[in-house]
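Breakdown of the fold
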Amino acid sequence: YGELTHGKLYVKNTPIFYSPYLLFPIKTTRQTGFLLPKRIAYSANKLGWDVSIPFFWAISKDTDATFYQRYMTERGFQEGVEFRYALSKDSFGTIYGDVLNDTKKIKETVGKVSRDWQTEHKRWAFYLNHESRFDPTLYLRADIARVSDNFYFKDFSSYNYFLANYGGNRPQPYKRVSFMADESLSFLDSTARLAKNWQNYSLNTLVKSTQDLTVSSNGQTLQRYPEITLTGIQQPLFGSRINQQFTGVYDYFYRDQGQKGHLWDVNPVLTLPLGFGDYFQLTPLAGVRGSFWARDDSAGNGMKRQGDREIYTMGATMTSEVHRVYDVGGTEVSKIRHGIRPEVSYTFNPNFRQENLPDYMAAATE
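Residues numbered from 1 in each chain as written. Predicted model: local features only at pLDDT ≥ 70, side-chain atom pairs only at ≥ 80, totals over all residues. Heavy atoms only, no water.

Observations concerning the packing of aromatic side chains
- Inspection of every chain in the model, using the stated rule, returns 18 aromatic pairs.
- Ring geometry for Phe-153 versus Phe-162: centroids 5.7 Å apart, planes at 70°, classification edge-to-face. In terms of burial, Phe-153 and Phe-162 fall into one category: buried.
- Three or more aromatic residues joined by ring pairs make a cluster, and in this case those are Tyr-68, Tyr-96, Tyr-127, Tyr-152, Phe-153, Phe-156, Tyr-161, Phe-162 and Phe-179.
- Over the ring of Trp-117 we find Arg-115, and its NZ or CZ is 4.7 Å from the ring centre.
- The ring centre of Tyr-139 lies 4.7 Å from the NZ or CZ of Arg-133, which sits over that ring. (Phe/Tyr/Trp six-rings, centres within 6.5 Å; stacked < 30°, edge-to-face > 60°. Buried < 20%, exposed > 50% of the residue type's maximum accessible area, 1.4 Å probe, protein only. Lys NZ or Arg CZ within 6 Å of the ring centre and 35° of its normal.)

Structural notes on the pairing of strand β5 (residues 48–57)
- Here strand β3 (residues 33–34) pairs with β5 via two bridges, running antiparallel. Bridge pairing links Gly-33 to Phe-56 in β5.
- Sheet topology places strand β4 (residues 39–43) next to β5; five bridges connect them, and they run antiparallel. Opposite Ala-41, over in β5, you have Asp-50 as the bridge partner. (Pairing = 2+ DSSP bridges. Helix = DSSP H or I, 4+ residues; strand = E, 2+ residues; numbered from the N terminus.)

Looking at the side chain of Thr-94
- Position of Thr-94 among the secondary structure elements: in strand β8 (residues 91–102).
- Leave out the neighbours within four places in its chain, and Thr-94 touches Glu-82, Phe-83, Arg-84, Tyr-85, Tyr-127, Leu-128, Asn-129, Tyr-161 and Tyr-174. (Contact = heavy atoms within 4.5 Å.)

Digging into the nonpolar core
- Core analysis: the biggest nonpolar cluster contains 20 residues, and Tyr-127, Val-147, Tyr-152, Phe-153, Phe-162, Phe-179 and Leu-188 have the highest contact counts within it.
- Listed by contribution, the elements that provide at least two residues to this core are β6 (63–72), β8, β11 (121–135), β12 (138–147), α1 (152–155) and α2 (161–164).
- Ranked by size, the runner-up nonpolar core spans seven residues in total, among them Phe-253, Leu-357, Met-361 and Ala-363. (Core = buried A, V, L, I, M, F, W, Y, C linked by side-chain atoms within 4.5 Å.)

Thoughts on the pattern of salt bridges
- Scanning the model with the defined rule gives 26 salt bridges in all.
- For the salt bridge of Arg-224 with Asp-251, the shortest nitrogen-to-oxygen distance reads 3.8 Å. Within this pair, whereas Arg-224 is found in strand β15 (residues 223–236), its partner Asp-251 is found in strand β16 (residues 243–254), the two being separated by 27 residues in sequence. Taken individually, Arg-224 and Asp-251 each receive the classification buried, so the pair is uniform in this respect.
- One salt-bridge network, in which partners are shared between bridges, spans Arg-75, Asp-102, Glu-108, Arg-115, Arg-123, Asp-149, Lys-154 and Asp-155. (Salt bridge = Lys/Arg side-chain N within 4 Å of Asp/Glu carboxyl O.)

Printed below as a string of structure tokens:
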């Protein structure tokens, strides 16, 4: 530890803080103890005085926990706990939860949702992020996020755990929230994904649950329990010049109210690249998308309980390229290739049937 006597904190040439004695850690390892105040703020209409002092617990070299004590004069005391773990260098995760007995009385309507809170209202948030890479071709990833009510991110838009741990486009291992958790957030997606890759194929299994924050009831929101996708990348068909690729998908769409059921979708595509010297390349394509569905809801609306649809696709893509290689004479980069690649594509889908389709088929294209 380091010791400081008669310490002063200056802003430019003005002292704003004085301490007769201060003990501060200079260790290079994690230490259990209180952290610097996370937040000291004031908002007259939402939170009042907002103070957060976290406590850090270094449990072991592979685990730690942070307790977030947050007091808001207009809302009450919120307790949050974050637990981080590393089972190995390829398996790690974060679990977070908070709870608050909100004492603020409020009555309002925003869009399609309303609230009339005249007594204490229990509010909470939960977050789980986990990743395990079993080998370079097989991994498991879970991103679970849930909040107690539709107004959570509206009330705590100035600061919440999700905002503080937003990872952006390049998430850190323990800072991997993928969405901006402010009052503009309209829904929360929770996913668990198991993916396996081979040289020419990939298999992806997904479970997805959505919490719609813009409606009073989540009963009509479609959930995917599960989605299984098999993808074959473009490759020669039986060693010929014709290339093949395909996607096969199975979905089970679930919700408490409305249409729900099974959907199978198969989409093979054939292409034939044709080169015309150094001038251009023409690639005709032909494909078919076959969809088969079966409803298992009890909504008696006169529509078919099961059926199919086929969509045929024909088209072509023409590309060309003009390029030049520049000799820059650098030590690490000696040449630079600059190219212009125009491309023209045409796709034609003959008329296809749209009647008697379950409404959840529209979600299959998202």
